[in-house]
Amino acid sequence: MDLEKSREEQAGEGCLVVALRMPVRIVALVLVVPVRMVWDALVVAGRFLNGRVFRPVGRALAWVGRAVFVWPFVALWRWVLVPLGAALRWLGLVMVVVPAGWLYRRVLTPLGHALAWLGHRLLVVPSVWLYRWVLTPVGHALAWCGRGFFAVASLLVAGIATALYWTARVLVWPVAAVWRWVLAPVGRVLAVVAREVGAALGHAWRVAGYVSLAVGRALAAFFRWTVVEPARWVYRTVLAPVGHAVRDVVLRPVANAARSVGRITGDTLRSVRVTVRQVRQDVRRALLGGPGTAGKRDDQAVKGAVVSPGGRDERIPLAKR
């Protein structure tokens, strides 16, 4: 259906269109293919940067912006400005609105009534008399003069418009002839050329898209088989077994040895601490002397288990007095 349609369109077009179409499309294809390939590469790079760089950075900046700008201002508005505004509103109500209301009711309203009565007597009545006996006759006279002036002006405007019409008709006829017999045919030819160039560029752009897609897939396959698959094979075949062997042979024995050393060190420190406490109590008892409740408490505090480095509990006998 598309082939028959294109044939029908070519049959209905002129020889100029058919002669220009193929060279223009070939030139457009040669010029557009590199541009389309560069465009597709830039689109892929832009999508990668947008997904991996710009969006995380934008989210981080948005969070920082909220933490730096939004939340402090919200807290300022909620805990400072709103209470301050409420306080100022109460102060304004007490110090401005109530006195202003009292002043309006008690002072301004009576004064306004008095001024209105005086204004009616001093301004309204003289203004009505002036409008009725002075301005109205003068306005009627000016209106009669204006109607005469408008009639004369209308005659002048009609004469000038007629002269301009015939002048424009005499001057515009050559311009219309040039437009009809010269500019319009040239414009039609240029429109045909522009349409064909645009169609050729469109076809070249689509063909370049297919070429760019094929090149991109080839590069992706080449990258996968030269970099990704060898790296995956090296990880599965070499690095994973080596890592497991290192973990089982080196890291786990070292961790077990470190835990054993830690337990032995802790037991030794506890034994030393108990021994030091017993020696201190013996010295105190030798210096101060005297059995009693304090001595019994010291004996009970001194008595205890001492863990040897080999893991056995050794009981320390109390010193005989």
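Residues numbered from 1 in each chain as written. Predicted model: local features only at pLDDT ≥ 70, side-chain atom pairs only at ≥ 80, totals over all residues. Heavy atoms only, no water.

Visitor: Is there a simple way to explain the overall build of the protein in this structure?
Guide: Within the protein one finds 3 helices and 2 strands. Listing each helix as α and each strand as β along the protein from the N terminus yields α-α-α-β-β. Burial statistics for the protein: of 321 residues in total, 9% are counted as buried. Intrachain contacts of the protein at a sequence separation of at least 6 include 65% that bridge at least 24 residues. With the model as given, the accessible surface of the protein reaches about 26300 Å², and the carbon-plus-sulfur share is 73%. (Helix = DSSP H or I, 4+ residues; strand = E, 2+ residues; numbered from the N terminus. Buried < 20%, exposed > 50% of the residue type's maximum accessible area, 1.4 Å probe, protein only. Contact = heavy atoms within 4.5 Å. Areas by Shrake-Rupley, 256 points an atom, 1.4 Å probe, with all protein chains shown as cover.)

Visitor: What is the right way to look at the pattern of salt bridges in this model?
Guide: Pairs can form between side chains of opposite charge whenever their charged atoms are close. Within the structure shown, the criterion is met by 6 salt bridges. Of the charged contacts, one joins Arg-270 and Asp-267 as a salt bridge, the two residues approaching to 2.0 Å between their closest N and O atoms. Here Asp-267 and Arg-270 lie together in helix H2 (residues 15-288), a separation of 3 residues that amounts to about one turn. Three or more residues are tied together by salt bridges with common partners; here these are Arg-247, Asp-248 and Arg-252. (Salt bridge = Lys/Arg side-chain N within 4 Å of Asp/Glu carboxyl O.)

Visitor: Would you mind going over a positive patch on the surface with me for this structure?
Guide: A contiguous patch of positive charge, built from Arg-273, Arg-277, Arg-280 and Arg-284, is present on the exposed surface. Within the fold, Arg-277 resides in helix H2. Arg-277 sits in the partly exposed class, given a relative accessible area of 30%. (Patch = residues over 30% accessible without salt bridge, like charges linked within 9 Å, V, L, I, M, F, W, Y side chains within 5 Å. Lys, Arg positive; Asp, Glu negative; His and termini not counted. Charge placed at Lys NZ, Arg CZ, Asp CG, Glu CD.)

Visitor: Mind showing me how you'd approach the side chain of Ser-212 here?
Guide: With respect to the helices and strands, the residue Ser-212 is situated in helix H2. In this structure Ser-212 comes out as buried when scored by relative accessible area, which is 9%. For Ser-212, the side chain forms a polar contact with the side chain of Asp-40, separated by 2.4 Å. Among all residues touching Ser-212, those that are not within four sequence positions of it are Arg-36, Met-37 and Asp-40. (Polar contact = N/O pair within 3.5 Å; in protein donor to acceptor, adjacent residues only side chain to side chain.)

Visitor: Would you mind showing me how to read the packing of aromatic side chains here?
Guide: In the structure shown here, the tally under the stated rule is 1 aromatic pair. Each ring, one from Trp-63 and one from Trp-71, has its centre 6.1 Å from the other, and the planes form 90 degrees; the classification is edge-to-face. Judged by its relative accessible area of 43%, Trp-71 is partly exposed. (Phe/Tyr/Trp six-rings, centres within 6.5 Å; stacked < 30°, edge-to-face > 60°.)

Visitor: Explain the nonpolar core here, please?
Guide: With 6 residues, the main nonpolar core is built from Ala-28, Val-32, Val-33, Ala-200, Ala-204 and Ala-208. Ignoring sequence-local partners within four residues, the contact set of Ala-204 consists of Ala-28, Leu-29 and Val-32. (Core = buried A, V, L, I, M, F, W, Y, C linked by side-chain atoms within 4.5 Å.)

Visitor: How should I be thinking about the confidence of the model for the protein in this particular structure?
Guide: Any region with low pLDDT has predicted coordinates that should not be read closely. In the predicted model, the protein carries a mean pLDDT of 79, and the fraction of residues at 70 or more is 84%. Ignoring residues within four places in sequence, the model shows residues 292-299, a span with pLDDT below 50, making 8 contacts including any to other chains. Within the model, the stretch residues 301-321 combines pLDDT values under 50 with 37 contacts to residues more than four positions away or in other chains. (pLDDT = per-residue confidence, 0-100.)

Visitor: When you look at the side chain of Arg-36 in this model, what are you seeing that I'm missing?
Guide: Note that Arg-36 resides in helix H2. Residue classification places Arg-36 among the buried residues on the basis of a relative accessible area of 16%. Excluding its chain neighbours within four sequence positions, the residues that come into contact with Arg-36 are Trp-205, Arg-206, Ala-208, Gly-209 and Ser-212.

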